[in-house]
Amino acid sequence: MSWLAALCFLLLQTGASGFDTNPIGSSKRDSLTHEEITQRALLTATAQACRSLAEAEGRDFTFPTLNVESVASACDASKSSKSFRSAIQSVQRRNRRVDTNHFAQPELHFNNEEFSGGRKLITEGLSSVKASNKLENFEAAREKLGQILHALQDFYSHSNWVEMGNKVPNSNLIRSDTSIGNIAAESRATCRSCNGDDCTNNILEDILSQKILTSGYFNVLPLVSSKPEGKCSHGGAVDQTSTIEPTGGINKDTFDASHGHLHMEAANMAIAATSQLLEDVRKAAGDKQFLQMMGLSRGKPLCFVIDTTGSMSDDIAAVRTTTASIIDRKVGTEDEPSLYILVPFNDPDFGPLIKTTDPVAFQNAINALTASGGGDLPEMSLSGLQLALTGAPPNSEIFLFTDATAKDSHLRGAVIALIESTKSVVTFMITGILGSRRRRQSDGTDSQQQNRLLVKTDAQLYRDIAQVSGGLSIEVSKSQLLEATSIITESSSSSLVNLLQAARNPGKAENFTFTADESVRNLTVYITGSAVTFTLISPSGVSQDSTVTTGPLVTVSQLVGNFKTLQLKSEAGLWEIKMVSTNPYILKVVGESPIDFLFDFLEVSQGPLGGFDILDNRPRAGVNGSLIVTVTGSDSATLTDVILVESSGSGEVNGSVEALGEGQFFVQFDSIPAEAFVVLVKGQNNNSSSRVSSLTFQRQSTTSVKASTVTVIALDSNTIVEPGTPLSVPFSVTTSGAGGTFAIQAINDQGFTSTAPSSLTLDTGGSANNTVIITAPSNTPSGTDVTLTIQAEAPGGDTNYVVQRFTVLKTVTDFSEPVCTLLSRSNCSAACSSEMWELSVRVTDGTNGTGVDRVSLGLGNGTVNTSLSTENSTLVSYTASCCSPDVELLVVDRVGNVASCSFSVRAATTTVVSLSTRAVQSFLLCFSITILGHSLTF
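No experiment lies behind these values; they were computed from the predicted model shown. (Residues numbered from 1 in each chain as written. Predicted model: local features only at pLDDT ≥ 70, side-chain atom pairs only at ≥ 80, totals over all residues. Heavy atoms only, no water.)

J.: What is the right way to read the pairing of strand β18 (residues 585–592) from this model?
T.: Walk down a regular strand and you will see the side chains alternate between the two sheet faces. The element β18 is extensively covered by neighbouring structure, given that eight of its eight residues are classed as buried. Going residue by residue along β18, you find Y585, L587, V589 and G591 tucked away on one face and I586, K588, V590 and E592 tucked away on the opposite face as well. Where strand β10 (residues 496–504) meets β18, eight bridges bridge the pair, whose relative direction is antiparallel. Residue pairing for β18: R504 is matched across the bridge by Y585. (Buried < 20%, exposed > 50% of the residue type's maximum accessible area, 1.4 Å probe, protein only. Helix = DSSP H or I, 4+ residues; strand = E, 2+ residues; numbered from the N terminus. Pairing = 2+ DSSP bridges.)

Structure follows, in structure tokens:
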């Protein structure tokens, strides 16, 4: 299927499936939100990337219906449906936040005729997305993508582009070196007052006939709501300019808006423009990297953080063996790791972070590690972990190997903040019980006692962090490490789900239950702790105690150090495990299943549009609260219960559950617990064909959540750092509790120079503002991702945080696409034969260009070879069978400008078409046969 035919097919499906929505916390409306527009375009672009890859590999591809599960399945990545959904939600969240947090910035909405500012924001953001993707910083790319898509979509609702009769998107909005049209002068009148509620003809005729761009003015404050004389307003109840002559408005946000009669046309155009921008991002990144940005890959990331000081030789050797085993077993399978991440650390250094999709490169990086140096006991373990948490995708599993305590324990809060915000799982592999390391201290009695005290404290630090993340703290001898590592890593799968997790410190006798539904396979129990006994009881009433290593319920039982693993026989229903111990322990029950869930806490939006916004940090303690829960891996699963369960106790808070459609559920709680808790969901998968299809499934979040009376908010939308130029990051701290002096800690993972206040003084129930200033060194490469964590601690120890991602981006001056020049082309004597044909092309990037970065095939089954001719010239040769007479070369320069160069042995002509032109032509044809029958809310 051709690119055009595939896109038309998907757009036709879009029209057929409709655009009704359930905004968070609101009743159902007819209008389509930014989130739905964005999801539709993301699903289309993802399906197209999968089709392109399948075609290049000679595989068949059938276009799916446009939902997450269907697209993931069509892309042969069903196990990634959760990370795929999470990636889409990340883009949607940043898109929505432009309205909730930045409604008063006109350039983000193309209000107030801010066309230059709006276009600059889009093009600069697009460069940032491309630079982030190039360095595989996909979360930063997703966040910036969501923001610029909001502005792009708003252009078609808030300007008069549709009213002027345009039928295709304004492709120059995503290019910096072209004109987006004739913009109305500040002194030129653009509107007349509406005729009562009828604003159909309020834009002046000369504005429309002369194709003059204008947009509505907007302000929510009546005292500062002036607009230039004769200008259009945005319109609507919250826009105070709409009552000033000329009255009314021109927005097309809903069917009920001032220009609601053009709502459908605005929706069509916004979908087309979003798809056009995504096509540019996809071509610049390449299909495989684009799919990684979308969280769509066969397996989960493999992330190791490794201590490389002197006593770690045996540990590094064990990691080498484990890595080789994982690569040998999983490469080429559906559980092949999607990404490999390595972060070494010692003292005083940590990093660099090595990130690759190449298993051989990762194995070579592991093999290159050597154990050396050290002296005193503690090492920079939390610095290495912090770097891994910011470099790994959300919901990753990270393994940290060490035999030393943490020298940088002051990072505890920042690390926990990153764990909570990314929902990543951290498992510590600790050897020597932190006590066998070389020491600079003397062997005197006092020194030995101090060391034992230090070891005990920092061992608990690792256990606490593991517990918060839903991971384990596995303590073994060095000779046992290989066995323990093999157990925990080889059993991991991209479809691993958490059924139960509980921690008790001190330990006590307690009974736990968990439900295993029919979709669960490889049911496994993990227990860490010493002198722990238990009894298992199956759904059918059969029991087995811990003294029996194998029996009627357990197929495999392994004990290594403090780590016990039980592989259970599959049996659906309610299981029980009776734990008995006075020592601390962690109990975890996992299995493999496609059904899982995502969740986010909500807060009431402070913007004029109302509703809710996604909460990025800890919810408020002791007050009512809300969750948005998304079920993944099933089109028909229904939630019946959502419960907040204390992580270290038996307290529970039940929520009221309301279905929103498309696997999403709105959950409200009367009170958020003050103690750390996890989210437990129960429901039914109605798609089961089994006679027990009504059996309840149970899933539990891995990460613990700790509510707070403190709120920390970053106040600016700028997430781009120019190297060598200080960036100000304003933030606010608010407390709903007692006032006093609040300690402030601002930490970034790149070690960039920054300044921040050490404390802020707040009144009871009050707030305070301040600024962090961060500077990236002038030689920092574009696309570098820096994560800033700002933490506030109340006098009583209550803490909260905000985590901000920034992308380092040098000023882009190259906006021109590379140029292809045909040097030679052979012919074929027959339409299709065993003959071969050849093509030779010179590719250049212009005198002031940044140079050609990559040449790949967009179409064709032949072989491409490239060689550097001069500094700014690349020779490309292509050889193919005469049965494959067409070829499309995709040429990308170093800042992500893309040229599409098409050649054919069947014709004597050569076509070089820019992606923006190609997209406009394609959308024009598609839209001539496509009707999108519902509406759009901007």
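J.: Would you explain helix α8 (residues 263–285) in this entry?
T.: Owing to its 3.6 residues per turn, the α-helix brings residues three or four apart onto one side. Taking 1.5 Å per residue, 23 residues should reach 33 Å; α8 reaches 33 Å between its end C-alpha atoms and fits that length. Of all 23 residues that make up α8, 21 are buried, and the element is covered over most of its length. In the segment just after α8, G286 is the residue with positive phi, at about 90°. (Expected span 1.5 Å × (residues − 1).)

J.: Where do I start with the pairing of strand β27 (residues 696–700) in this structure?
T.: Taking burial as the measure, the five residues of β27 include four buried ones, the bulk of the element. By the bridge criterion, five bridges tie strand β26 (residues 677–685) to β27 in an arrangement that is antiparallel. Bridge pairing links G683 to F697 in β27.

J.: Help me out: how do you make sense of the environment of E245 in this one?
T.: You can see E245 is positioned in the loop between β3 (212–213) and α8. On the basis of relative accessibility, which here comes to 58%, the residue E245 falls in the exposed class. Non-local contacts of E245, meaning those with residues more than four positions away in its chain, are made with S193 and K227. Reaching out from E245, the side chain makes a polar contact with the side chain of S193 at a distance of 2.4 Å. (Contact = heavy atoms within 4.5 Å. Polar contact = N/O pair within 3.5 Å; in protein donor to acceptor, adjacent residues only side chain to side chain.)

J.: Is there a simple way to think about the sheet that holds β26 in this case?
T.: Think of a sheet as strands paired side by side through backbone hydrogen bonds, with each pair either parallel or antiparallel. Taking strand neighbours across the sheet as the criterion, the four strands line up as β23-β22-β26-β27 in an open arrangement whose pairing is antiparallel. Of all strands in the sheet, those with a lone pairing partner are β23 (652–654) and β27, marking the two edges. Pairwise comparison of adjacent strand axes, ignoring direction, gives a mean angle of 25° for this sheet. (Axes fitted to C-alpha atoms, helices over the stretch in contact; angles between N-to-C directions.)

J.: When you look at the packing of aromatic side chains in this model, what are you seeing that I'm missing?
T.: For the coordinates displayed, the defined rule picks out 18 aromatic pairs. When the centroid spacing of 6.1 Å and the interplanar angle of 75° are considered together, the rings of F115 and F155 count as edge-to-face. Placement of F115 in helix α5 (residues 115–134) and of F155 in helix α6 (residues 138–158) is noted, with a sequence separation of 40 residues between them. You can call F155 buried: its relative accessible area is 0%. (Phe/Tyr/Trp six-rings, centres within 6.5 Å; stacked < 30°, edge-to-face > 60°.)

J.: Explanation requested: helix α11 (residues 359–367) in the structure shown.
T.: Within α11, the full set of buried residues consists of P359, F362, Q363, A365 and I366. Buried residues in α11, looked at end-on, bunch into an arc of 160°, giving them a common side. Here the buried face of α11 lies against β4 (302–307), α10 (313–330), β5 (340–345) and β6 (354–356). Where α11 begins, the capping side chain belongs to D358, and its oxygen is found 3.0 Å from the backbone nitrogen of V360. (Arc of directions from axis to C-beta.)

J.: How should I be thinking about the sheet that holds strand β20 (residues 612–614) in this particular structure?
T.: The antiparallel open sheet is built from five strands, whose spatial order is β20-β19-β21-β25-β24. Edge strands, defined here as strands with exactly one partner in the open sheet, are β20 and β24 (656–661). Each neighbouring strand pair of the sheet contributes to a mean axis angle of 30°, computed without reference to strand direction. Pairing geometry for strand β21 (residues 625–632) and strand β25 (residues 664–669), over six bridges, is antiparallel. Residue pairing for β25: I628 is matched across the bridge by F666. Each of β19 (596–604), β20, β21 and β25 touches helix α4 (residues 81–101); the most contacted strand, β19, lies at about 10° to it.

J.: Just to check I follow, could you spell out the side chain of S593 for this structure?
T.: As for its position among the elements, S593 is in the loop between β18 and β19. Looking at S593, the relative accessible area reads 3%, which means it is buried. A distance of 2.7 Å separates polar atoms of two side chains, one belonging to S593 and the other to S519. Only 3.1 Å separates the side chain of S593 from the backbone nitrogen of I595, close enough to count as a polar contact. Not counting residues up to four positions away in its chain, the partners in contact with S593 are S495, V497, S519, V520 and R699.

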